[in-house]
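Understanding the architecture of this molecule
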Amino acid sequence: MDASPNGSAQIHILFTGYVRSAGDSEAVASTVAFIRDADVLAVIDPGMVPTQRSILDPLHDAGSDPEMVTDVILSHHHPDHTMNAGLFPKARVHDVWAIYQGDRWRSRPAEGFALSPSIRLIQTPGHTAADITTLVSTPDGITAFTHLWWSADGPEEDPLATDPAALQAGRRRVLSVATLIVPAHGAPFRP
């Protein structure tokens, strides 16, 4: 099983992302989340948002500040998901390959890596070859933070996917355990 049900983590959505046309360009923002589980205070995908206050003010409202954040999780390495990772100076940064902190690079596969008893990473390539999903177990079930979906409204097929077959396999895997999906650019939804 990818995650244990009935965990102890608490979830706060700091910013609900989007992708929309804005004149001659697109406005893109990632969904940014804050997870609290015992001593772990993690931020997921602190990427592009209108201003840094869009992350920092809700983080403060959730009872934390950038200095307290212990971990930052990057679903993949596109700037719309990584742009504000530097806001959290003491955090370990997690991606598909490693954990980074200060001048330390500790290689490890993301698959099955547990940040806490209720926070686990799994590899879910498809959008890129280096995508991960964060599975968070709460008293209400398992929530998946992922780029396997952009939003509840689609697109059904990811137009930027590097491996559509792997993306579909990842969706099936996540749907087999998750009771709530937090997509990369939208509000949480129930599958």
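Residue numbering note: each chain is counted from 1, following its sequence as written. For this predicted model, a pLDDT threshold of at least 70 governs which residues receive local features, and a threshold of 80 or more governs which side-chain atom pairs are given and counted, while totals over whole chains, interfaces and linings are taken from all residues. Processing note: side-chain calculations cover all non-hydrogen atoms of the structure and skip hydrogens and water entirely.

1. Regarding the overall build of the protein
Of the regular secondary structure elements, the protein holds three helices and 14 strands. Both definitions apply: the radius of gyration is a C-alpha atom measure, and the globule rule equals 2.2 Å times residues to the power 0.38. For 191 residues, the compact-globule estimate of 2.2 N^0.38 gives 16 Å, and the C-alpha radius of gyration of the protein, at 15 Å, lies within 12% of that figure. Dimensions of the protein, computed from the C-alpha atoms along their principal axes, are close to 40 × 40 × 35 Å. The long-range share in the protein, meaning contacts at least 24 apart out of those at least 6 apart in sequence, stands at 52%. Positive charges come from Lys and Arg, negative ones from Asp and Glu, while His and the chain ends are left out of the count. Here the site of a charge means atom NZ of a Lys, CZ of an Arg, CG of an Asp or CD of a Glu. The protein carries 13 positive and 22 negative side-chain charges, and their two centres are separated by 7 Å. In this description a helix means any DSSP run of H or I spanning at least four residues, a strand means any run of E spanning at least two, and both kinds are numbered starting from the N terminus. Any pair of residues with heavy atoms lying within 4.5 Å of one another is described as a contacting pair.

2. Side note on the nonpolar core
Grouped burial of nonpolar side chains is what soluble globular proteins tend to show. Here the nonpolar core consists of buried residues drawn from Ala, Val, Leu, Ile, Met, Phe, Trp, Tyr and Cys, with membership extended through side-chain atoms lying within 4.5 Å. Each residue is assigned to one of three classes by its accessible area relative to the maximum for its type, calculated with a 1.4 Å probe on protein chains only: buried under 20%, partly exposed between the two thresholds, exposed over 50%. Ranked by size, the top nonpolar core spans 23 residues in total, and within it Val32, Phe34, Ile55, Val69, Val72 and Phe88 carry the most contacts. Mapped by element, the contributors of at least two residues to this core are strand S1 (10–15), strand S4 (32–37), strand S5 (40–44), helix H1 (53–61) and strand S8 (98–101). With three residues, the top contributor of residues to this core is H1. Once you skip the residues sitting within four places of it in the chain, Val72 turns out to touch Val43, Pro46, Ala85, Phe88, Ala91, Arg92, Val93 and His94.

3. Concerning the sheet that holds S1
Neighbouring strands of a sheet are bound in pairs by backbone hydrogen bonds; such pairs are parallel or else antiparallel. Between any two strands, pairing holds if DSSP finds at least two bridges. One open sheet holds the seven strands; their spatial order is S1-S4-S5-S6-S7-S8-S9, and the pairing between them is mixed. Every interior strand has two partners, whereas the edge strands, S1 and strand S9 (104–107), have only one. In this sheet, neighbouring strand axes are inclined to one another by 20° on average, regardless of whether the strands run parallel or antiparallel. Relative to S8, strand S7 (residues 92–94) is paired through two bridges, and the arrangement is antiparallel. In the sheet register, Val93 faces S8, and the bridge partner there is Tyr100. Where H1 meets the sheet, it contacts S1 and S4, and its direction lies at approximately 145° from that of S1. Axis definition: a line fitted to C-alpha atoms, limited for helices to the stretch in contact. Angles are taken between N-to-C directions and run from 0 to 180 degrees.

4. Notes on the pattern of salt bridges
A pair is scored as a salt bridge if a Lys or Arg side-chain nitrogen falls within 4 Å of a carboxyl oxygen belonging to Asp or Glu. Enumeration over the complete set of coordinates arrives at five salt bridges. Between Arg92 and Asp71 there is a salt bridge, with its nearest N and O atoms 2.7 Å apart. Residue Arg92 is located in strand S7, and its partner Asp71 is located in strand S6 (residues 71–73); the two are separated by 21 residues in the primary sequence. According to the relative accessible area criterion, Asp71 is buried, its value standing at 1%.

Read these as layout, nothing more, since geometry by itself doesn't imply function.
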